[in-house]
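Letter by letter, the chains look like this.
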Amino acid sequence: MSDSFDVLWLNASPILKRFDKPLLEYLSGYMRIAQWEYQQTKDEASSIDQAVELLYEFLEWRDRPVHLAGHGMSGAIALSFARRFPQKVRSLTLLAVAAQPANNWQAHYYFQRQLFSISRELVLASTVRSLFGNQPPHTTKKLVAALDKDLEQSPSSHSLFKLVYLPKGGVSMPMMVCGSKSDPVVNSTVLHDWLNWLKPEDKLWECPEGYHFFHYFYPQQVGEQILSFWQHHHPHLVEASALSFSSSTN
């Protein structure tokens, strides 16, 4: 495989990938970034194992390890891959991923459905407010539809019958964990649980605001933190990419 990229951004939620775009546009000004997407078919069992296997097939013949990154469920897949195939990963960057990786927005949705006798639509509307803050009615309607579709497409194993859990723990390569102080899903308490697993070279950072999709609302602020982390562990790469970007825009 050609080493035409340095960073691989994972996306396992096709309907939600629009919220990654502002951050990826910012980062691509300094790093060579590729996107890897996974879309589960209706006939597949809900499991991240298939995504991990397909990701390995994609990276199997690559000569150098990559900086792997992802948000939410996509980050959980990146984490599982990094644990299984550490030789393929130079660093790991997780956004809105709890120390218990299965504690995502879908787990919170199904927990509310189990706890309260209210409809799917009402719980999704409440979830939109939790994930994005108060939005105009027409925007809320669109976001409810997007989350509803993500429940069908995402490889999460959660259901009304059972909430699943994934192994907790860290990884062998440098890792950065990002969250938001206003995220009700991966809140500060949940995020700081990572401190039990972080190594000296790892980094935990919280965005002051932005809810669950903080990287959408504050792409430059988040991007600067991630670039600083990559530069610390791979300085020549970021510097060379930045110089290349600068010369191409002059």
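Residues numbered from 1 in each chain as written. Predicted model: local features only at pLDDT ≥ 70, side-chain atom pairs only at ≥ 80, totals over all residues. Heavy atoms only, no water.

Per an unreviewed UniProt entry, the protein carries the name Surfactin synthase thioesterase subunit and comes from Nostoc flagelliforme CCNUN1.

1. A closer look at the packing of helix H5 (residues 120-132) against helix H6 (residues 137-153)
Packing of H5 against H6 leaves a shortest axis separation of 9 Å and a crossing angle of 105°. The orientation of H5 with respect to H6, classified from their angle, is roughly perpendicular. Contacts from Arg120, Leu124, Ala125, Thr127, Val128, Leu131 and Phe132 of H5 reach H6 at Thr140, Leu143, Val144, Leu147, Asp148 and Leu151. For the contact of H5 with H6, the class distribution of residues is nine nonpolar, two polar and two charged. (Axes fitted to C-alpha atoms, helices over the stretch in contact; angles between N-to-C directions. Helix = DSSP H or I, 4+ residues; strand = E, 2+ residues; numbered from the N terminus. Parallel < 35°, antiparallel > 145°, perpendicular 65-115°, else oblique. Contact = heavy atoms within 4.5 Å. Nonpolar A, V, L, I, M, F, W, Y, C, P; charged D, E, K, R; others polar.)

2. Considering H5
The end-to-end C-alpha separation of H5 is 18 Å, in line with the 18 Å expected for 13 residues at 1.5 Å each. Of all the residues in H5, the buried ones are Val123, Leu124, Ala125, Thr127, Val128, Leu131 and Phe132. As for H5, its buried residues are in contact with helix H4 (105-115), H6 and helix H8 (214-217). Gly133, located one to two residues past H5, shows a positive phi value of around 80°. (Expected span 1.5 Å × (residues − 1). Buried < 20%, exposed > 50% of the residue type's maximum accessible area, 1.4 Å probe, protein only.)

3. Some thoughts on the packing of aromatic side chains
Across all of its chains, the model carries 12 aromatic pairs by this definition. Here Phe19 and Tyr216 contribute two aromatic rings whose centre-to-centre distance is 5.2 Å and whose plane-to-plane angle is 85°, an arrangement assigned as edge-to-face. Residue Phe19 is located in the loop between strand S1 (7-11) and helix H1 (21-27), and its partner Tyr216 is located in helix H8; the two are separated by 197 residues in the primary sequence. Taking the relative accessible area as the measure of exposure, Phe19 reaches 6% and is therefore buried. Aromatic ring contacts, followed pair by pair, group Phe19, Phe132, Phe213, Tyr216 and Phe217 into a single cluster. (Phe/Tyr/Trp six-rings, centres within 6.5 Å; stacked < 30°, edge-to-face > 60°.)

4. Considering the nonpolar core
Residues Leu8, Leu68, Leu92, Trp105 and Trp194 are the most contacted members of the largest nonpolar core, which totals 54 residues. Examining the composition of this core, we find that seven residues originate from one element, helix H3 (residues 73-84), more than from any other. Each of domain 1 (7-102 + 167-248) and domain 2 (105-153) gives at least three residues to this core. When residues no more than four places from it in sequence are discounted, the contact partners of Leu92 are Leu68, Ala78, Leu79, Ala82, Val171, Met173, Pro174, Met175, Met176 and Phe229. (Core = buried A, V, L, I, M, F, W, Y, C linked by side-chain atoms within 4.5 Å. Domains from an automatic or database assignment.)

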